[in-house]
Amino acid sequence: MIKAAILGTGRCVPKKILTNADLEKMVDTSDEWITTRTGIKERRIVSEGETWSLLATEASRQALEMAQVAPQDLDIIIAATFTSDYRLPAGACLVQQALKAYKATAFDLAGACTGFIYGLSIAEKFIKDNPKLKILVIGAEVLSAVTNWEDRSTCVLFGDGAGAAVVGADEEKGILSVYTGSDPTVWDLLCVPAGGSLYPPFKEGVPKEEYFVKMKGNEVFKYAVRYMEEAARTVLEKAGLEPKDIDWFIPHQANIRIINMVAKRLGIPLEKVIVNIEKYGNTSAATIPIALDEAVREGKIKRGDLILLDAFGGGFTYGAIVLKW
Ligand code: UT7
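For clarity, every value in this text was computed on a predicted model and none was experimentally measured. (Residues numbered from 1 in each chain as written. Predicted model: local features only at pLDDT ≥ 70, side-chain atom pairs only at ≥ 80, totals over all residues. Heavy atoms only, no water.)

(A) Representation of helix H4 (residues 91–99). Taken together, the buried positions of H4 are Gly-91, Ala-92, Val-95, Gln-96 and Leu-99. Down the axis of H4, the smallest arc covering the buried residues is 145°, so these residues share one side. The inward-facing, buried residues of H4 abut helix H3 (52–67), strand E4 (76–80), strand E5 (105–109) and strand E6 (135–142). One or two residues past the end of H4 sits Lys-100, with phi positive at roughly 55°. (Buried < 20%, exposed > 50% of the residue type's maximum accessible area, 1.4 Å probe, protein only. Helix = DSSP H or I, 4+ residues; strand = E, 2+ residues; numbered from the N terminus. Arc of directions from axis to C-beta. Contact = heavy atoms within 4.5 Å.)

(B) Quick look at the sheet that holds strand E11 (residues 248–251). Strands sit in the order E8-E13-E12-E11 across an open sheet of four strands; the sheet is mixed. Strands with a single pairing partner mark the edges of an open sheet, and in this sheet they are strand E8 (174–182) and E11. Going from strand to strand, the sheet's axes swing by 10° on average, the running direction of each strand aside. Where E11 and strand E12 (residues 306–313) come together, four bridges link them in parallel fashion. (Pairing = 2+ DSSP bridges. Axes fitted to C-alpha atoms, helices over the stretch in contact; angles between N-to-C directions.)

(C) Summary view of the pattern of salt bridges. Counting across every chain of the model gives 17 salt bridges. Between Glu-124 and Lys-128 there is a salt bridge, and its shortest N-O distance comes to 3.1 Å. Placement of the pair is Glu-124 and Lys-128 together in helix H5 (residues 115–129), with a separation of four residues, close to one helical turn. A single network of salt bridges, built from pairs that share partners, joins Arg-11, Lys-279, Asp-293, Glu-294 and Arg-297. (Salt bridge = Lys/Arg side-chain N within 4 Å of Asp/Glu carboxyl O.)

(D) The arrangement of the site of the ligand in detail. Neighbouring the ligand are 24 residues, the closest being Thr-29, Arg-37, Arg-152, Asn-255 and Asn-282. Note that an oxygen atom of the ligand is positioned 3.0 Å from one of the side-chain N or O atoms of His-252. Relative to its free-state accessible area of 950 Å², the ligand is covered by the protein chains to the extent of 73%. Those elements that place two or more of their residues in the shell around the ligand are helix H2 (31–38), helix H6 (152–155), helix H7 (217–238) and helix H8 (256–266). (Near = heavy atom within 4 Å. Polar contact = N/O pair within 3.5 Å; in protein donor to acceptor, adjacent residues only side chain to side chain. Areas by Shrake-Rupley, 256 points an atom, 1.4 Å probe, with all protein chains shown as cover.)

What follows is the structure, encoded as structure tokens:
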């Protein structure tokens, strides 16, 4: 049966490394606190001249090259992000322009940290409808632009980066099952309060910090563990698989304690869990495609492997995908 398969992956992160030692000089924190509470040692931050669209385009070029798909043959470009270069146009349109992929339909989706999973799930539906399509799914963020660098409870967590995947039809490999969901009941635990149409930029009386990501971390933590476990169990069941069948677990990289807790609850041994949070921190929609691309290019992931992708983020949004490589 025809499946929607990932034909190629790519990634691009900024050159500048911001270490925990650097952050010690900026806010009241310590390498020890950040490492033990989050697993993060450093993150990448854009410098002058590095933009969301440059990172997203480079990741996309690599994915297209691996997939051996020409940009001109792309039918759809989906960019999961809430930090692209402009409010308008969509970041996907900027990548389309840079790639000269003029045949494509390009749009962004706002799924926060689950955005790449949402993007893949949309791509899968399109491919099932028309197996001839070639779809580029991007997860990219410049979170440094919406980070309050005076708030130690959030600024130590985030980083910038981009990952991408080209999706097309295949009879052997591909997506076996998809599960997505949202829980909006406590959306205000993780949000950017201002800068939208309710509190537009420069609206009088809106404090500066409202334009940055705000999070009640310890509350969000509990939901993250719960929904990531639920999403993983549901998607495995839909595929007729059990956690022990999985060769590689690629969870959203928000906190090493969340990753370890979810893996433990699922009974997946840590050797099968792909972790790179120490290098990049939380890059929202970009964590999973970056980790996937690293694991593919390092030769960890091999043809025929069963992979579980699992994410949770602002909204709340959550979702998981099982695929055969
Ligand atoms: O991307 C998807 C969604 N995001 C997540 O899934 C993130 C979920 N949450 C987390 O990862 C964790 O909750 C954090 C890493 C954000 C925080 O870790 P925590 O263990 O939940 O700490 P906490 O917020 O309960 O704070 C514990 C203490 C507090 O001090 P008191 O009140 O105990 O004196 C904080 O003020 O740690 C303090 N603290 C810090 N200390 C040093 C908070 N941030 C820092 C910091 N450095 N950077």
